[in-house]
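Overview (structure and organization)
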Amino acid sequence: MHPGVLHRRFLSDLSTSLFSFVLPLLPTSEELTIKEEVRTLIEKLIKTIEPSARLLSFGSSCNSFGLRNSDMDLVVLIDDPDAGLDSSMFVQMIGDLLERETNFDVKPLPKARIPIIKLNLAASPGLPFGIACDIGIENRLAIENTRLLLTYATIDPARVRTLVLFLKVWAKRRRINSPYRGTLSSYGITLMVLYFLVHVKQPPVLPNLQRIAPVRPITEEEMMLESRNVYFFDDVEMLRQEWSSVNFESVGELLIDFFRYFSHDFQFNTMVLSLRAGPLTKESKGWTNDIDVGGLNEMARDRNRLCIEDPFEITYNVARTVTKDGLYTIRGEFMRATRILTQRHDRAVLALAELCR
Ligand code: ATP
Ligand code: MG
């Protein structure tokens, strides 16, 4: 058979295999129900301390990039401006309350840089592996970036969700999804995929939601949250009607190209990935590696090895946890993945299995 035909067959096989790979890793409806019940229960308890408090989910439980047994990210928002509760104190109070009233394993961290309560729910029939849960206080930007990710996913779920979910699994299996060990957070990986679909692919697979003008004029004030511009175009119905990408590449082709781009083309040493603005230089953001470390530790020197700008908190490098060794490993993984997917394979499903080994 002609090599071109074989290649086309491999690509279509790869796309089908990606869908089948991801499907059984999605959370079960039972898991989602239990998580929602847990959220409601905790919210009810917290309201006994502060009636104006709400408990919201963010992160992968509600950005559509959740996998089975993903942790649960929750945040307490206090609507009454006169509540006058300090985060550390509130974390301690909620921790004590949950310890008294529930049988969750509770660990309040009131003195952490960002005070949170860590919870572990024991395994049960609906939650065979239990659930880890973090509760933060007043992190409103996280709610907004979760909504941004969800809106991107909604525009083209078949390609966007499949790619992100697969790459999250791949990164976990290849051990490059450990911010505490010098590699990437899931949030960082997701931003890399969206950046690729918005700014690298030509024609783009996704529009830049932060650059589409609002239909009705909105004031500067309405765009701001905690002095950050959090505007993005979020009218999903209108996006469905008005935006149709003229990029028709299959999810398999996009995956290969994603790995290829980050193996060979992206200039890790000098460039910043900005979903908001496209490629930026480290220099223009002042994110150079030889920052004045003045006696600080090794970690500080590594702060800008890999630069991913947060979509709203634009002075913040989401990938600041990536160390020199971490970046070396990540780039090695991109190259390995490119090699595996561009070698001749008879069956895509075997290539995916090897990729995630
Ligand atoms: P997982 O399924 O692996 O838990 P996730 O989508 O929940 O994936 P996390 O990395 O756990 O991703 O992040 C959850 C949320 O926390 C993100 O959606 C984001 O709002 C916020 N977040 C996480 N990491 C960062 C970071 N480095 N900078 C800013 N916000 C972050
Ligand atoms: Mg999470």
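The shown structure was predicted, so the numbers you read here are calculated from the model rather than taken from an experiment.

**What about the coordination of the magnesium ion (ligand 2)?**
Taken together, Asp71 (OD) and Asp73 (OD) make up the protein donors of the magnesium ion (ligand 2), found 2.3 Å from the metal. In this structure Asp71 comes out as partly exposed when scored by relative accessible area, which is 32%. Overall, Asp73 belongs to the buried group, its relative accessible area being 14%.

**Structural notes on the sheet that holds strand 4 (residues 116-121)**
Taken together, the five strands give an open sheet; going across it, the order is 1-2-5-4-3, and neighbouring strands pair in mixed fashion. Each of the sheet's edge strands pairs with one partner strand only, and the pair in question is strand 1 (53-58) and strand 3 (105-109). When strand polarity is set aside, the average angle formed by the axes of neighbouring strands in this sheet is 20°. Sheet topology places strand 3 next to strand 4; five bridges connect them, and they run antiparallel. Bridge pairing links Pro108 to Ile117 in strand 4. Lying on the sheet, helix 2 (residues 29-49) is in contact with strand 1, strand 2 (72-78), strand 4 and strand 5 (131-137); it crosses strand 1 at an angle near 155°. The strands that helix 3 (residues 87-101) touches are strand 2, strand 3, strand 4 and strand 5; relative to strand 3, the one it contacts most, it runs at about 165°.

**Description of the packing of helix 12 (residues 324-342) against helix 13 (residues 348-355)**
For the pair helix 12 and helix 13, the least separation of the axes is 9 Å and the interaxial angle reads 165°. Viewed along their axes, helix 12 and helix 13 adopt a mutual orientation that is roughly antiparallel. Every pair of crossing elements has a handedness; the one defined by helix 12 and helix 13 is right-handed. For the pair helix 12 and helix 13, the contacting residues are Arg336, Ala337, Ile340 and Leu341 in the first and Ala351, Glu354 and Leu355 in the second.

**A word on the site of ligand 1**
Around ligand 1 there are 19 residues in total, and Ser60, Asp71, Asn145, Lys168 and Ser186 lie nearest to it. Between ligand 1 and Asp71, the relevant distance is 2.7 Å, taken from an oxygen atom to a side-chain nitrogen or oxygen of the residue. Residue Ser186 places a side-chain N or O atom 2.5 Å away from an oxygen atom belonging to ligand 1. When ligand 1 sits alone it has 600 Å² of accessible area, and the protein chains cover 82% of it. Broken down by secondary-structure element, the contributors of at least two residues to the shell around ligand 1 are helix 4 (140-155), helix 5 (157-173) and helix 6 (186-200). Looking at the shell around ligand 1, its residues break down into five nonpolar, eight polar and six charged. Looking at the shell around ligand 1, you find at least three residues from each of domain 1 (29-139) and domain 2 (156-206 + 245-355).

**Regarding the packing of aromatic side chains**
One pass over the full model with this rule turns up 16 aromatic pairs. In textbook terms, an aromatic cluster arises when at least three aromatic residues are bridged by ring pairs, as seen for Trp170, Phe196, Phe258, Phe259, Tyr261, Phe262, Phe266, Phe268 and Phe334. Positioned above the aromatic ring of Trp287, the side-chain terminus of Lys285 is 4.7 Å from the ring centre.

**What to know about the pattern of salt bridges**
Using the criterion set out here, one finds 18 salt bridges in the structure. Of the charged contacts, one joins Glu249 and Lys201 as a salt bridge, the two residues approaching to 3.0 Å between their closest N and O atoms. Taken together, the residues span a long stretch of sequence, with Glu249 in the loop between helix 8 (236-242) and helix 9 (251-265) and Lys201 in the loop between helix 6 and helix 7 (220-223) at a distance of 48 residues. Measuring nitrogen to oxygen at the nearest pair gives 2.4 Å for the salt bridge that ties Lys201 to Asp257. Of this pair, Lys201 sits in the loop between helix 6 and helix 7 while Asp257 sits in helix 9, placing them 56 residues apart in sequence. Its relative accessible area of 7% is what places Lys201 among the buried residues.

**Some thoughts on the domain arrangement of the chain**
According to the domain assignment, the chain contains domain 1 (29-139) and domain 2 (156-206 + 245-355). Each of domain 1 and domain 2 has a C-alpha centre, and the two are 29 Å apart. On the side of domain 2, nine residues touch domain 1, which itself brings six residues to the contact. Counting each side, the surface lost to burial between domain 1 and domain 2 is near 590 Å², with a carbon and sulfur contribution of 70%. On the domain 1 side of the contact with domain 2, Ser64, Phe65 and Leu67 bury the most area, a combined 86% of that side's loss. Counting every contact that joins domain 1 to domain 2 gives zero salt bridges.

**Considerations on helix 5**
With 17 residues, helix 5 ought to run about 24 Å at 1.5 Å a step, and its terminal C-alpha atoms sit 23 Å apart, in line with that. Within helix 5, twelve of the 17 residues are buried, which leaves the element mostly enclosed by the surrounding structure. All buried positions along helix 5 are accounted for by Arg159, Val160, Thr162, Leu163, Val164, Leu165, Phe166, Leu167, Lys168, Val169, Trp170 and Ala171. For helix 5, the elements touching its buried residues are helix 1 (3-22), helix 4, helix 6, helix 9, helix 12 and helix 13. Where helix 5 ends, the next residue or the one after it, Arg175, has phi of about 55°, a positive value.

**Some remarks on the sheet that holds strand 9 (residues 278-281)**
Taken in spatial order, the three strands make up an open sheet running 9-8-10, and their pairing is mixed. The outermost strands of the open sheet, each flanked by one partner alone, are strand 9 and strand 10 (308-309). As defined by bridge partners, strand 8 (residues 271-274) adjoins strand 10 across two bridges and the pair is classed as parallel. Following the sheet pairing, Leu273 is matched in strand 10 by Ile308.

Scoring rules and cut-offs
Residues numbered from 1 in each chain as written. Chains lettered and ligands numbered in written order. Predicted model: local features only at pLDDT ≥ 70, side-chain atom pairs only at ≥ 80, totals over all residues. Heavy atoms only, no water. Donors = N, O, S within 2.8 Å, 3.2 Å for Na, K, Ca; no water. Buried < 20%, exposed > 50% of the residue type's maximum accessible area, 1.4 Å probe, protein only. Pairing = 2+ DSSP bridges. Helix = DSSP H or I, 4+ residues; strand = E, 2+ residues; numbered from the N terminus. Axes fitted to C-alpha atoms, helices over the stretch in contact; angles between N-to-C directions. Contact = heavy atoms within 4.5 Å. Parallel < 35°, antiparallel > 145°, perpendicular 65-115°, else oblique. Left-handed = near helix turned anticlockwise from the far one by under 90°. Near = heavy atom within 4 Å. Polar contact = N/O pair within 3.5 Å; in protein donor to acceptor, adjacent residues only side chain to side chain. Areas by Shrake-Rupley, 256 points an atom, 1.4 Å probe, with all protein chains shown as cover. Nonpolar A, V, L, I, M, F, W, Y, C, P; charged D, E, K, R; others polar. Domains from an automatic or database assignment. Phe/Tyr/Trp six-rings, centres within 6.5 Å; stacked < 30°, edge-to-face > 60°. Lys NZ or Arg CZ within 6 Å of the ring centre and 35° of its normal. Salt bridge = Lys/Arg side-chain N within 4 Å of Asp/Glu carboxyl O. Buried area = accessible area lost by both parts, 1.4 Å probe. Expected span 1.5 Å × (residues − 1).

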